[in-house]
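Notes for the structure review
Here is what each chain is made of, one letter per residue.
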Amino acid sequence: MACPPAALLLLPLLLLAPAPARATDPYAFFDWDVSYITRSPLGVPQKVIAVNKEFPGPVVNVTTNYNVAVNVLNSLDEPLLITWDGIQQRKNCWQDGVLGTNCPIPPGWNWTFNFQVKDQIGSFFYFPPLSMQRAAGGFGGITVNNRAVISVPFDTPDGDIRLFIGDWYKKNHTDLRKMLDDGKELGMPDGVLMNGKGPYRYNDSLVPAGIEYETIDVEPGKTYRFRVHNVGVSTSLNLRIQGHNMAMVETEGSYTMKQNFTNLDIHVGQSYSFLVTMDQNASSDYYIVASPRFVNESLWTRVTGVAILHYSNSKGNASGPLPDPPNDEYDKSFSMNQARSIRMNVTTGAARPNPQGSFHYGQINVTQVYKLRNMPPVTINGKKRTTLNGISYSPPATPLRLADLYEKKEVYTLDFPMMPSDGPPVIGSSVINSTYKNFMEIVFQNNDTKVQTYHIDGYAFWVVGMDYGEWTDSSRGTYNKWDGVSRCTTQVFPGAWTAVLLSLDSPGFWNVRTENLDTWYLGQETYIRVVDPDGGYNVTESVLPDNALFCGLLKEKQKAQKPHGSSSSSAFPAVRQSRYLLAVLVSLVMLSVVGH
């Protein structure tokens with residue numbers, strides 16, 4: 001079968017950097033220029049971060065076991081990394097794109113990420129993790145499809161639709177950052193975007209004229225897979241599609257038991273797949289709504305995202321009131337019960353976690369227990385900070401994994417407490433110390449007044465329990481030890497706890513963080529250091545990539561790169577022109593081979 005032309009144009013990147021994979025696994029190559037563009041999603045011109053001038057950015061559409069190479073050109077005016085939310089980077093934390101494993105790409109430089117989507121399927125997204133940059137954009141979708149030999153537990157949809165939802169501020173991310181540095185709250189966002197666009201004018205007094213909104217075109221009678229991601233700053237959102245059921249089938253790499261929702265709470269950093277059948281009449285268009293949760297709704301009325309679902313035979317515009325959100329006055333546990341109802345489809349044959357050769361995660365002995373407690377922001381050394389177990393994380397100038405490799409001492413400490421401390425909060429670079437093939441229990445205890453979502457890079461974990469109150473040992477009696485959903489991002493409600501189990505089968509340093517950008521920026525994160533006691537460098541863990549960047553205590557190892565970002569030179573620099581010329585030649589050769 002002939003390769004797609006776009007893939008052929010990028011084949012020569014294979015010659016530029018090695019990838020930790022078998023030669024028989026396919027390759028996908030992407031060339032990205034990350035730069036600022038001007039957009040007015042809420043009617044006010046502002047600087048947003050785009051990938052190849054797209055906001056949101058292009059989708060990385062690959063299949064299980066594909067090798068992926070993404071050449072990132074940083075045309076911003078500040079350092080940049082891209083992290084791949086939910087991609088497990090098997091034994092290869094060098095490609096994770098966070099400060100514990102990677103030096104940032106300086107302005108005007110490029111760097112190529114090389115990784116394999118090993119034994120994964122599902123819906124994920126990428127984004128820039130540094131310095132509140134996600135609040136300005138830079139995000140895009142990742143789709144990892146099943147291999148053809150593995151069946152999907154539902155009929156093939158008629159189309160695939162990507163939907164990014166998230167709260168949005170009219171202030172630039174640099175202004176938001178300064179507010180946090182000055183000890184201020186970010187306050188109520190100015191709106192909710194859907195695919196980078198503002199709300200449809202469903203109400204003339206709440207939505208000004210001239211706002212560009214998202215329209216999703218569909219055909220009557222067909223079923224579409226909606227892949228939805230909350231990429232916002234800090235607001236939980238309730239998603240609903242007027243008059244339509246949303247059949248959940250997957251979340252962050254796990255096929256779920258199929259169940260219908262008329263609405264679902266999607267918290268910051270979370271991803272879901274729904275099947276939506278166009279089974280309504282087309283007397284008019286339909287609203288797609290994403291509205292804030294756990295806020296004073298009367299004050300937040302204008303902070304609502306509205307897109308349009310447009311049947312090809314629609315007879316008119318959507319009108320009337322928006323579909324109602326859940327009413328928590330009558331059911332305080334509505335959202336938590338929704339979350340508890342999401343279960344893994346344990347009968348499907350798709351790629352899914354298999355710790356220590358057993359799908360029965362509830363029967364594996366736990367070797368380490370960590371209870372991570374967050375509190376409302378505190379003042380440390382005159383600065384407003386957030387903490388986990390009393391420690392506010394401060395990223396060292398030298399990435400943790402590089403410091404280990406080159407035996408640089410005192411970059412970080414291995415004294416992260418297993419249980420919350422009542423001592424005075426401190427700022428530090430303390431990480432969790434663990435061992436390859438440990439089976440860890442982590443309890444996230446949220447003693448703040450806002451919903452937090454927690455993410456662990458490099459792993460899918462089982463969400464085995466959640467409840468209000470303080471977690472104790474006896475709380476384990478409520479755990480789901482059979483079909484708890486496996487995912488990479490879980491919500492923790494205020495005044496509540498969420499417990500997860502994970503099998504540490506991938507050596508390296510792996511980021512544990514809140515996905516809420518404000519509390520993350522102020523220090524609510526740490527890392528898990530997973531070490532193979534038998535060594536295993538180049539056996540259980542990939543070696544340092546040839547193109548590694550160096551900084552901090554290792555900056556003398558870094559060779560200079562002449563800045564060539566599109567913001568400081570031509571939009572298509574010579575190095576990229578030559579790459580594409582070479583690609584065309586290789587493509588012609590490949591086509592010739594295929595033709596014979």
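Conventions used here
- Residues numbered from 1 in each chain as written.
- Predicted model: local features only at pLDDT ≥ 70, side-chain atom pairs only at ≥ 80, totals over all residues.
- Heavy atoms only, no water.
- UniProt positions renumbered as here; feature names shortened; annotations may be inferred.
- Phe/Tyr/Trp six-rings, centres within 6.5 Å; stacked < 30°, edge-to-face > 60°.
- Helix = DSSP H or I, 4+ residues; strand = E, 2+ residues; numbered from the N terminus.
- Lys NZ or Arg CZ within 6 Å of the ring centre and 35° of its normal.
- Salt bridge = Lys/Arg side-chain N within 4 Å of Asp/Glu carboxyl O.
- Buried < 20%, exposed > 50% of the residue type's maximum accessible area, 1.4 Å probe, protein only.
- Polar contact = N/O pair within 3.5 Å; in protein donor to acceptor, adjacent residues only side chain to side chain.
- Contact = heavy atoms within 4.5 Å.
- Pairing = 2+ DSSP bridges.
- Axes fitted to C-alpha atoms, helices over the stretch in contact; angles between N-to-C directions.
- Lys, Arg positive; Asp, Glu negative; His and termini not counted.
- Arc of directions from axis to C-beta.

As recorded in an unreviewed UniProt entry, the protein chain goes by Monocopper oxidase-like protein SKU5 and comes from Hordeum vulgare subsp. vulgare. Under the UniProt heading Sequence similarities (unreviewed entry), the note attached to the protein chain is "Belongs to the multicopper oxidase family." Word for word, the UniProt comment on the protein chain under Subcellular location (unreviewed entry) is "Cell membrane".

Comments concerning the packing of aromatic side chains
Enumeration according to the criterion identifies 27 aromatic pairs in this entry. On the basis of an interplanar angle of 50 degrees and a centroid distance of 5.1 Å, the ring pair of Trp84 and Phe115 is categorised as tilted. On the criterion of sequence distance, the pair formed by Trp84 in strand β5 (residues 83-85) and Phe115 in strand β6 (residues 110-116) is long-range, its members being 31 residues apart. Taken together, the ring pairs connect Phe30, Trp32, Trp84, Trp111, Phe113, Phe115 and Tyr126 into an aromatic cluster. Sitting over the ring of Phe127, Arg134 keeps its end group 4.7 Å from the ring centre. Sitting over the ring of Phe294, Arg293 keeps its end group 4.9 Å from the ring centre.

Some details on the pattern of salt bridges
Inspection of the entire model under this criterion finds 24 salt bridges. Put simply, Arg487 and Glu252 hold a salt bridge, and the shortest N to O gap is 3.0 Å. Of the two residues, Arg487 is situated in strand β29 (residues 486-487) and Glu252 in the loop between β14 (246-251) and β15 (254-261); the sequence distance between them amounts to 235 residues. This pair shows no difference in class: Arg487 is buried, exactly as Glu252 is.

A closer look at the side chain of Ser273
Examined against the element boundaries, Ser273 turns out to sit in strand β17 (residues 271-277). Polar side-chain contacts of Ser273 include one of 2.9 Å to the side chain of Ser123. Here Arg225 takes part through its side chain, which lies 3.1 Å from a polar atom of the side chain of Ser273. Ignoring sequence-local partners within four residues, the contact set of Ser273 consists of Ser123, Arg225, Phe226, Arg227, Ala247, Met248, Val249 and Glu250.

With respect to the sheet that holds β15
Strands sit in the order β10-β9-β12-β17-β14-β15 across an open sheet of six strands; the sheet is mixed. For this open sheet the edge positions go to β10 (191-194) and β15, each flanked by a neighbour on one side alone. On average, each strand axis in the sheet is inclined to that of its neighbour by 25 degrees, with strand direction left out of account. Relative to β17, β14 runs antiparallel, the two being bridged by three bridges. Along β17, the bridge assignment pairs Ala247 with Leu275.

Side note on the side chain of Arg240
Mapped onto the secondary structure, Arg240 falls in strand β13 (residues 237-241). Buried charged residue Arg240 carries no salt bridge. Nearest counter-charge: Asp324, at 6.7 Å. Of note is the side chain of Arg240, whose polar atom sits 2.9 Å from the side chain of Ser291. A distance of 3.4 Å separates a polar atom in the side chain of Arg240 from the backbone oxygen of Asp324. Contact partners of Arg240, with chain neighbours within four places excluded, come to Met246, Thr262, Asn263, Tyr287, Ile288, Val289, Ser291, Pro323, Asp324 and Pro325.

Details of the pairing of β14
Here β14 lies mainly inside the structure; six of its six residues are buried. Strand direction decides the pairing type here: β14 and β15, joined by five bridges, are antiparallel. Looking across to β15, one finds that Thr251 is bridged to Ser254. Linkage of β14 to β15, two consecutive antiparallel strands, is achieved through a turn of two residues, within which Glu252 is found at a positive phi near 45 degrees.

Comments concerning the environment of Pro424
With respect to the secondary-structure elements, Pro424 resides in the loop between α4 (400-405) and β24 (426-428). Spatially, the C-alpha atoms of Pro424 and Ile391 are 9.1 Å apart, while their sequence positions differ by 33 residues.

Thoughts on helix α2 (residues 173-181)
Owing to its 3.6 residues per turn, the α-helix brings residues three or four apart onto one side. Residues of α2 that are buried: His173, Leu176, Arg177, Met179 and Leu180. Buried residues of α2, seen end-on, are gathered within an arc of 155 degrees and therefore sit on one face of the element. Where α2 is buried, its residues contact β1 (27-39), β2 (46-51) and α5 (517-521). Phi turns positive one or two residues past the end of α2, at Gly183, with a value near 85 degrees.

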